[in-house]
Amino acid sequence: MFADEIIMKRIALYILLVFVPLYLSGQKSYVVKSISSLSGVVYTGIDNPLDVGNNKFSLADIFIRTNNGIVYKVDTAFVIVPNHSGVAVLWLYDANRKEDSILIQQDTLVVSELTTPKLLINSVEVTETSPLSILFLNRMDSIDIVFTDDLPSLRKHYSIGSFTFGYVYGNYYLSYDNKGNHVSNETRNAIRRVKPGTEVVIRVNINTELFLQVRRPIYRFNVK
């Protein structure tokens, strides 16, 4: 008898995991997508607002669970914060029931990692694989960072609080602080002493109210 109960429970679980999602996939009442990215991808380490297009149910009665991070609700808006790249499975439930909540839809979102932002010097993107010329370095007035072109709205939520410019001079490592994203006069004078073959290091401190995994990116460049 006990063995029969176990078998029946396993059959019920199999039906729930396999056939219910297949049925729901053809009966979708919602279209779930990211409204912060141009591609529809959601990113790790940040809040990703979701558009939950509704054809049947009231959003006030809906809640969402996921296997990747958390989904929270602000009024009738949903936000997902994934914790790893890959795929986030979403389960939408209707809570407007006298009995238990009922699963009404299953959906998925592609999740990408929010990597180290690109560095811009005087609005020109620079990469660590390309050496910086002495002439270009001496003209440095300001820096900026861009995480990804796929998240244009993200730019409104962070700024450069400060950055340091450093390099080895003789047997000493020299480092110069800069408030905001502009080069200080002290740093400008230090740049003039940099010789070809030197490695320079730029460390950026990001100000933001968001939970960013990358808050203090470091960039290293060889000077030619």
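So, how was this worked out
Residues numbered from 1 in each chain as written. Predicted model: local features only at pLDDT ≥ 70, side-chain atom pairs only at ≥ 80, totals over all residues. Heavy atoms only, no water. Helix = DSSP H or I, 4+ residues; strand = E, 2+ residues; numbered from the N terminus. Buried < 20%, exposed > 50% of the residue type's maximum accessible area, 1.4 Å probe, protein only. Contact = heavy atoms within 4.5 Å. Areas by Shrake-Rupley, 256 points an atom, 1.4 Å probe, with all protein chains shown as cover. Core = buried A, V, L, I, M, F, W, Y, C linked by side-chain atoms within 4.5 Å. Pairing = 2+ DSSP bridges. Axes fitted to C-alpha atoms, helices over the stretch in contact; angles between N-to-C directions. Salt bridge = Lys/Arg side-chain N within 4 Å of Asp/Glu carboxyl O. Phe/Tyr/Trp six-rings, centres within 6.5 Å; stacked < 30°, edge-to-face > 60°.

## Observations concerning the overall build of the protein
Then step 1. Scanning the protein from N- to C-terminus turns up three helices and 15 strands.
Then step 2. Every one of the 224 residues in the protein was classed for burial, and the buried ones make up 38%.
Then step 3. Sequence-distant contacts, at least 24 apart, represent 57% of the contacts inside the protein between residues at least 6 apart.
Then step 4. For the protein, the computed accessible surface area is about 13,200 Å², with 54% contributed by carbon and sulfur atoms.

## A look at the nonpolar core
Then step 1. Leu-119, Ile-143, Phe-147, Phe-165, Val-200 and Ile-202 are the most contacted members of the largest nonpolar core, which has 35 residues in total.
Then step 2. At the level of secondary structure, the elements contributing two or more residues to this core comprise β9 (118–121), β11 (143–146), β12 (158–169), α3 (185–191), β14 (199–208) and β15 (218–222).
Then step 3. Those residues in contact with Phe-165 that sit more than four places away from it in its chain are Leu-137, Met-140, Leu-174, Ser-175, Tyr-176, Asn-178, Thr-187, Ile-191, Val-194, Val-200, Val-201 and Ile-202.
Then step 4. Residues Val-42, Ile-80, Leu-92 and Leu-109 belong to the second largest nonpolar core, which totals 15 residues.

## Focus on the sheet that holds β9
Then step 1. Within the open sheet, the three strands sit side by side as β10-β9-β11. Their pairing is antiparallel. If you trace the sheet from one side to the other, it starts and ends with β10 (124–126) and β11, each paired once. Shown here is a sheet whose adjacent strand axes are inclined to one another by a mean of 40 degrees, direction ignored.

## Some details on the pairing of strand β5 (residues 70–74)
Then step 1. For β5 and strand β6 (residues 77–81), the ladder comprises five bridges, and the chain directions are antiparallel. Paired with Ile-70 across the two strands is Val-81, which belongs to β6.
Then step 2. If you look at the hairpin formed by β5 and β6, you'll find two residues sitting between the two strands, and Asp-75 has a positive phi there, around 60 degrees.

## Regarding the pattern of salt bridges
Then step 1. Here the structure, examined in full by the defined rule, presents four salt bridges.
Then step 2. A salt bridge links Asp-144 to Arg-155; the shortest N-O distance between them is 2.8 Å. Here Asp-144, found in strand β11, pairs with Arg-155, found in the loop between β11 and β12; they are eleven residues apart in sequence, far enough to count as distant.

## Notes on the packing of aromatic side chains
Then step 1. By the definition in use, this model includes four aromatic pairs.
Then step 2. Summarising the aromatic geometry, the rings of Phe-147 and Tyr-158 are spaced 5.2 Å apart at their centres and angled 85 degrees between planes, so their arrangement reads as edge-to-face. Here Phe-147, found in the loop between β11 and β12, pairs with Tyr-158, found in strand β12; they are eleven residues apart in sequence, far enough to count as distant. Take Phe-147 and Tyr-158: they sit in the same class, and that class is buried.
Then step 3. Ring centres 6.4 Å apart and planes at 90 degrees place the aromatic pair Tyr-167 and Tyr-169 in the edge-to-face group.

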